[in-house]
Amino acid sequence: PPQALLSRRELAAAALAVPAAAHGTASLLPVPASAQAGFKLNTGVNFPTASFGLQIYDDKDAEELTLVALECGYRNFFASVLARNQRGFARAIQRSGVPREELFICGSVLSNQAQGFDAARKLSARGCRENLEAFASATDYVDMIMLDYPGPDDDSIRGQWAALEEMAAQKTTRSLAVSNFSPRQLDVILADKSATVPTVNQLPFGVGFANIYDGNAASIVAENSKRGVVVQAWSPLQRALRGNRKDACAMIGQKYGKTAAQVALRWIADMGCSFTTAGTRKRDGAPARFRENLDIFDFKLTQEEIAALTKL
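Just so you know, these numbers come straight off a predicted model, no measurement behind them.

All right, on to the overall build of the protein chain then. Tallying secondary structure elements over the protein chain gives 12 helices and 10 strands in all. Classification of the 312 residues of the protein chain by burial places 54% in the buried group. In the protein chain, of all internal contacts separated by at least 6 residues, the share reaching a separation of at least 24 is 79%. Only carbon and sulfur atoms are counted for the fraction: they give 52% of the accessible area of the protein chain, which is about 13,500 Å².

Encoded structure:
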C-alpha cells in the first residue's frame, strides 16, 4: 500500500529492520556467551542482559574505558547524552575493529523540560539528530534511542514519542525505549493503538530499592512486562553494596564463589531484568571490575535467596 496509508506502528516496524552494516573487520577478543545472552525485545531484536553505561567524564576517558569494556566482552552499550561523551565513545567503537553487527548501541534524548506536544516533538527531534551526529564516526544508526525522562504532561510525552517514531521511520534506529516512566506514563503512549510500543524502560532497580516499590519489586517488572516492555536497571549496585544489603549478598555469594556485586546483579537477572553498570574514571582495576560484572551467567539464585534480597 502507499506509505501514507500505513499506520505509524507499521511504518516504525518496517523501519526497525535496519540492515547490519559492519564498520570493522575483526573483534578484539572472542565474544563470550555471557555478552550475547539476553532478552528478545518486542521488535524481535536481541538485547544483551549486561550493558556498559558511560558516566560523566571527558571524551578521552570515554574512549579508553569503552575500549577496555570491549576487550572484556561487553557488546551492549548505553551512551547517554547526559554523560556528554558520545563522541569519545564513538571513536572507541571506530578504533576497535569490532564488527558493527556484534554491537548493541543505545543513545538517549533529553527533552523533559519542553512543555506541550509541538515543543517536545521539536526538542526530541533535535536530540535524535544530535545522537546521530555524535556517533557518526562509528555508525549511521543506533540499535536503540531512549527518552531519558518523561515530559511534564501527557501532551509533552506524546510529542516526545512522535519524534522518536519519526527517527524509526527514517531507519536510523532499530528500537525505541524510555527511562524513568511509570506505568501510567507508559499508558500515555500506548493509549494510541497505532503507537510503537516501547521496548525497554530503564528504572532505578536493584537490591536495596524495596522502599521505592513498596516492598514489591516484582510488581514493577510485571507492570512493564504485561505492556511488552523489558525493565533495565540503572545504577544497579548503588544501594546493594552498602550496609546489610552488601552483607546479605556477600553471604549468599560464598555459596557460589561469587562477590556481593555479582550476587546483586544476578538478582536483577533472576527478576527478569537487564542492567547497565557504570564505568568510572578510575582505570586502575577497571578490567577486573568489568569482567566481574559480566561473570554472573554461570549460576542462579534460589527462590528463597531471591525473596530474601527482594525485601532489603
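Okay, the packing of aromatic side chains next. Here the structure, examined in full by the defined rule, presents nine aromatic pairs. Relative to Phe 135, the ring of Phe 89 has its centre 5.8 Å away and its plane inclined at 75°; by these criteria the two rings are edge-to-face. One end of the pair, Phe 89, is in helix α4 (residues 86-96); the other, Phe 135, is in helix α5 (residues 117-135), with 46 residues separating them in the sequence. Summarising the burial analysis for this pair, Phe 89 and Phe 135 share the class buried. Lying over the aromatic face of Tyr 141, Arg 100 brings its terminal NZ or CZ to 4.2 Å of the ring centre.

Our focus in this paragraph is the packing of helix α3 (residues 59-72) against α4. Between two packed helices, both the angle of their axes relative to each other and the distance between the axes serve to describe the pair. In the contact formed by α3 and α4, the axes pass within 7 Å of each other and the chain directions differ by 40°. Judged by the inter-axis angle, α3 sits oblique to α4. Crossing hand, α3 versus α4: right-handed. Residues Asp 59, Lys 60, Ala 62, Glu 63, Thr 66, Leu 67 and Leu 70 of α3 lie in contact with α4, whose contacting residues are Gln 86, Arg 87, Gly 88, Phe 89, Arg 91, Ala 92, Ile 93, Arg 95 and Ser 96.

Turning our eyes to something else, we now look at the pattern of salt bridges. Considering all chains together, one arrives at 17 salt bridges under this definition. For the salt bridge of Glu 63 with Arg 95, the shortest nitrogen-to-oxygen distance reads 2.8 Å. Taken together, the residues span a long stretch of sequence, with Glu 63 in helix α3 and Arg 95 in helix α4 at a distance of 32 residues. Arg 95 sits in the exposed class, given a relative accessible area of 54%. The salt bridge involving Arg 121 is made with Glu 166; its shortest N-O contact spans 2.1 Å.

Below, the discussion takes up a nonpolar patch on the surface. Taken together, the side chains of Leu 82, Leu 110 and Tyr 149 make up a nonpolar region of the molecular surface, amounting to roughly 240 Å² of accessible area. Within the element layout of this structure, Tyr 149 appears in the loop between β6 (144-147) and α6 (154-169). With a relative accessible area of 35%, Tyr 149 lands in the partly exposed category.

This next bit is on the environment of Pro 183. Here Pro 183 shows up in helix α7 (residues 183-190). With sequence-adjacent residues up to four places away left out, Pro 183 is seen in contact with Ile 220, Glu 223 and Arg 227.

Mean pLDDT over the protein chain works out to 88, with 86% of the residues at or above the 70 mark. The model gives residues 1-30 a pLDDT under 50, and that stretch makes 62 contacts with residues more than four places away or in other chains.

Of all hydrophobic cores here, the largest spans 72 residues; its most connected members are Phe 52, Phe 205, Trp 267 and Phe 290. Of all hydrophobic cores here, the second largest spans 12 residues; its members include Leu 41, Val 45, Cys 106 and Met 144.

Empty space within the largest pocket amounts to approximately 660 Å³. Lining the largest pocket are 29 residues, and of these Gln 55, Ser 235, Thr 276, Thr 277 and Ala 278 lie nearest its centre. Among the secondary structure elements, those contributing two or more residues to the lining of the largest pocket are β3 (50-54), β10 (274-279) and α11 (286-294). Residues belonging to the lining of the largest pocket are distributed by class as follows: 13 nonpolar, 13 polar and three charged.

Attention now goes to the side chain of Asp 148. Assignment of secondary structure puts Asp 148 in the loop between β6 and α6. Arg 84 is the oppositely charged side chain nearest to the buried, salt-bridge-free Asp 148, at an N-O distance of 10 Å. Within the structure, Asp 148 has its side chain in polar contact with the side chain of Ser 80 (distance 3.4 Å). Here Asp 148 is in contact with Phe 78, Ser 80, Val 81, Leu 82, Ser 108, Val 109, Leu 110, Ser 179 and Asn 180, once residues within four sequence places are set aside.

Glancing now at α4. Those residues of α4 lying buried are Gln 86, Gly 88, Phe 89, Ala 90, Ala 92, Ile 93 and Ser 96. Contact partners of the buried residues in α4: β3, α3, β4 (76-78), β5 (104-109) and α5.

Quick notes on the rules
Residues numbered from 1 in each chain as written. Predicted model: local features only at pLDDT ≥ 70, side-chain atom pairs only at ≥ 80, totals over all residues. Heavy atoms only, no water. Helix = DSSP H or I, 4+ residues; strand = E, 2+ residues; numbered from the N terminus. Buried < 20%, exposed > 50% of the residue type's maximum accessible area, 1.4 Å probe, protein only. Contact = heavy atoms within 4.5 Å. Areas by Shrake-Rupley, 256 points an atom, 1.4 Å probe, with all protein chains shown as cover. Phe/Tyr/Trp six-rings, centres within 6.5 Å; stacked < 30°, edge-to-face > 60°. Lys NZ or Arg CZ within 6 Å of the ring centre and 35° of its normal. Axes fitted to C-alpha atoms, helices over the stretch in contact; angles between N-to-C directions. Parallel < 35°, antiparallel > 145°, perpendicular 65-115°, else oblique. Left-handed = near helix turned anticlockwise from the far one by under 90°. Salt bridge = Lys/Arg side-chain N within 4 Å of Asp/Glu carboxyl O. Patch = residues over 30% accessible without salt bridge, like charges linked within 9 Å, V, L, I, M, F, W, Y side chains within 5 Å. pLDDT = per-residue confidence, 0-100. Core = buried A, V, L, I, M, F, W, Y, C linked by side-chain atoms within 4.5 Å. 1 Å grid on protein atoms, 1.4 Å probe; cavity = no way out; pocket = protein on both sides within 12 Å on 5 of 7 lines; lining within 4 Å. Points joined across faces, edges and corners; volume = space filled by probe spheres on them. Nonpolar A, V, L, I, M, F, W, Y, C, P; charged D, E, K, R; others polar. Lys, Arg positive; Asp, Glu negative; His and termini not counted. Polar contact = N/O pair within 3.5 Å; in protein donor to acceptor, adjacent residues only side chain to side chain.

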